[in-house]
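# Fold and geometry: a report
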Amino acid sequence: MSGATPYRRAFSHSIDIDAIVAGDARLSFEQAMMLYREATLHDLGRWSTAVADRMIAKAYPDFPKQLPGVRTYVIDRNINYTNVCSARCTFCAFRRDEDESDAYTLDQSQLHRKIQELVDVGGTQVLLQGGMHPGLPIEFYEDMLRGIKAKFPTVHVHGFSPPEFVEFVAVFKLDDLPTTPPGKSKQLPADLWQAKLEAIMRRLQAAGLDSIPGGGGEIFAEAVRRRIGLGKADARQWLDVMRCAHRLGMFTSATMMFGHIEGVADRFHHMQFIRDAQDEAIAQNFRGRYVSFISWPFQRENTPMGRLPDYDLESSEPFPGDQLAELVYSGQLDPNDKVACDKALPGAGKVVRLSGAVDYLRTQAISRLFFDNIHSIGSSWVTMGPRIGQLGLYHGATDMGSIMMEENVVSAAGTTYRLDEAVLCHLIRSSGFTPAQRDNRYQLLRIHDSSGGSAASPDLSVTDWSRHRFATSQSADTDAADNSVELTIDAK
Ligand code: SF4
């Protein structure tokens, strides 16, 4: 590449940012670290937006050239069919033991009522996730999926994240494959574990499961993961579940939760695992792929990990998570050696460094530069709020996710943002893009062209934003705790 583009900038190490923006070179782990430390937020925003525009142009070559570039959203409903969970993640305020008074498991009629509400507002997808309930058999899930598909054949079922599959392998009784105690599925020999995983996934797919969400990704780095996700899938299991899904032709998403006890390097180590796995899916010609990556900062309220003290940002002492990561990635410490890790840095994992807006935007922008093989980067307005979510569209994001008819897990940890379709479209359009509803595979369903002021464009039918309130697409939810608040968008 020539150095004549506006993207050139001097860095302490070698990097051809022009080539990376143009898709002619890959960002390495070391370069990602360097950009995190040295690039300005403004530059990261420009570069990642240029990559986002290029990815969008490639995905939608027939999109009308006279319109501003498209940014997408989906209408789905996140249904947590149970809050009973055998895991005890330190960042979770949602889970319950089975004998707690507010533990619940939805029956089919409750489930169908929620899906009908989704269909009534033009929704196309349900996101089904637990709790990892240790007492439900595979037949419960098959019945649930068949019941949904019988009543709502066109609704896409995106369900059961990798930690749930790990639990399924542990607890489901299949005729010819063994069970293990909850949380001990690693005790199965690897070939049996893989065989059982595939048998379960095939049955659920046959019953109606269409794709798998990336929940439980958190942070793959072993020294961090074992402190934050008790009883959940380890990194290898998480990736194995997704690999199996890709082989069976299912599309999946990938996630990352950061801004807690991890070092910054752990974030790019996490991204490297996902990029490598996608390379493999492409090289092996699997019918399924990762279609999106979304990252969000840890929300502390009501969670065990949130009770850890804050790292003093003014401190001259480095953050312990960064120190631990440096020892691990320089090869001086085995991350699987818990005793050695604890001894090397006793303070690691005992203090949190929360992420604010700038850290979120920097991390997301670098993820767009890093993932040259994944179509979509999602903006995390659910945790960061609509305004920062909107800014995310200028830091690599091309998708605003879901209107979020229902969300229980993040809201239990204190987040309270919910938007209706008109507001979501308004956020996209007022950022200078054309909003479009998409399906799970990121095909465009409805492009909201502004030229005619069509009533079919949800934001264009609102004449007075000062009076528009979150009411048009939300019905009362009486089945689960609702910590959300209405949100009003000011008139432009
Ligand atoms: S985050 Fe999910 S897996 Fe972890 S405790 Fe909460 S409900 Fe269970």
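Refer to the structure above for everything that follows.
Just so it is clear, the structure is predicted and the values come from calculations on it, not from any experiment.

We now examine the site of the ligand. What surrounds the ligand is a group of 11 residues, the closest being Cys 85, Ala 87, Cys 89, Cys 92 and Arg 95. Broken down by class, the residue content of the shell around the ligand amounts to 7 nonpolar, 1 polar and 3 charged.

Glancing now at the environment of Gln 110. Along the polypeptide, Gln 110 turns up in helix α4 (residues 108-120). Along the sequence, Gln 110 and Tyr 81 sit 29 residues apart, while their C-alpha atoms lie 9.4 Å from each other.

Right, let's talk about the nonpolar core for a bit. Phe 165 and Leu 424 are the most contacted members of the largest nonpolar core, which has 122 residues in total. Per-domain counts for this core show at least three residues from each of domain 1 (1-39) and domain 2 (47-447). Those residues within four positions of Leu 424 in sequence are excluded, and the remaining contacts are Tyr 73, Met 400, Ile 403 and Leu 419.

Tracing the sequence through the fold places Val 382 in helix α14 (residues 381-384). Val 382 gets classed as buried once you count the C-beta atoms within 10 Å, which come to 25. Taking the C-alpha atoms as reference, Val 382 lies 8.9 Å from Gly 401; in sequence the two are 19 residues apart.

It is at 9 Å that the axes of helix α6 (residues 162-171) and helix α7 (residues 190-207) come closest, and there the two elements cross at 105°. Classified by the interaxial angle, the pair formed by α6 and α7 is roughly perpendicular. Residues Phe 165, Phe 168 and Val 169 of α6 touch α7, and the partners they reach there are Trp 193, Lys 196, Leu 197, Ile 200 and Met 201. Looking at the contact of α6 with α7 residue by residue, the class counts come to 7 nonpolar, no polar and 1 charged.

Now for α6. Of all the 10 residues making up α6, 10 are buried; the element is thus mostly covered by neighbouring parts of the structure. Taken together, the buried positions of α6 are Pro 162, Pro 163, Glu 164, Phe 165, Val 166, Glu 167, Phe 168, Val 169, Ala 170 and Val 171. Elements in contact with the buried residues of α6: α7 and α9 (235-247).

Conventions and cut-offs
- Residues numbered from 1 in each chain as written.
- Predicted model: local features only at pLDDT ≥ 70, side-chain atom pairs only at ≥ 80, totals over all residues.
- Near = placed C-beta within 6 Å.
- Nonpolar A, V, L, I, M, F, W, Y, C, P; charged D, E, K, R; others polar.
- Helix = DSSP H or I, 4+ residues; strand = E, 2+ residues; numbered from the N terminus.
- Core = buried A, V, L, I, M, F, W, Y, C linked by C-beta atoms within 7 Å.
- Buried ≥ 20, exposed ≤ 12 C-beta atoms within 10 Å, placed from the backbone.
- Domains from an automatic or database assignment.
- Contact = placed C-beta atoms within 7 Å.
- Axes fitted to C-alpha atoms, helices over the stretch in contact; angles between N-to-C directions.
- Parallel < 35°, antiparallel > 145°, perpendicular 65-115°, else oblique.

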